[in-house]
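Residue strings, one per chain:
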Amino acid sequence: MPRSSSTAPHRRAAVHREVQGADLAAAGGLQRELTYDGLRAAEAIGNKGGRCPAVAAATAADVRTAYLEGRSIAALARDHGVSRDAIRTAVADLLPEHTTEEDALTPELPVALDMPGKVADYLRTTEVEPVERAALDQGVAVRRGQGYTLRVSAVLAVHRQLLARCQPLDGGHGVPTVPAQRKARREYENRVSAFTP
């Protein structure tokens, strides 16, 4: 039985849509390529692209000086006829919440970590720095079943130093390995690593 001629136009329309879709995809790829070529050419001659700053470079120095002298952002925005965000952009590096890595010398806070008793016992018999010894001596013993943990409050750097000093508990270099000590050291390592950024 011959097919009805009413389905042929639908098939032709579907094929036509597929061809159009392929043409549009190719045109989109070409457009994207031309756009990136233009951006690279502009960058090569020194144009950064993007929107021009609302506060012109000539007045930015005046705005920064006035801000350092104590003028408010709102007052500067009114004086120069721009938004407060434009002024904030011009003085961004002068704002209090802006810190560089050099400025961010905030003191490290102590962290209380439970050190397994086997690790604490080993470190007490090992030669350690005075700050490490003080952290161990100030630790609070917490009974845990048959053993104990030592709750040590110290900055993370001290915990890392203590962890490095108990490395021989992992064995190697002619030192016999005691599985319980190795496990205890790894538990402490996991606790220290949980706080490491």
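Everything in this summary refers to the structure shown in the same document.

Basis of the calculations
- Residues numbered from 1 in each chain as written.
- Predicted model: local features only at pLDDT ≥ 70, side-chain atom pairs only at ≥ 80, totals over all residues.
- Heavy atoms only, no water.
- Salt bridge = Lys/Arg side-chain N within 4 Å of Asp/Glu carboxyl O.
- Helix = DSSP H or I, 4+ residues; strand = E, 2+ residues; numbered from the N terminus.
- Buried < 20%, exposed > 50% of the residue type's maximum accessible area, 1.4 Å probe, protein only.

Let us look at the pattern of salt bridges. Between side chains of opposite charge, a pair can form when the charged atoms approach closely. Throughout the structure, instances matching the rule amount to eight salt bridges. The partner of D114 in a salt bridge is R151, with the nearest N and O atoms 2.7 Å apart. You can see D114 sitting in strand β1 (residues 111-116) and its partner R151 sitting in strand β3 (residues 147-154), a full 37 residues away along the chain. With a relative accessible area of 38%, R151 lands in the partly exposed category. A salt bridge links E132 to R165, with the shortest nitrogen-to-oxygen separation between them at 2.6 Å. Remark: R165 occurs in helix α7 (residues 156-165) and E132 occurs in helix α6 (residues 130-137); sequence separation between them is 33 residues. Classification of E132 as buried rests on a relative accessible area of 0%. The network of salt bridges with shared partners includes E129, E132 and R165.

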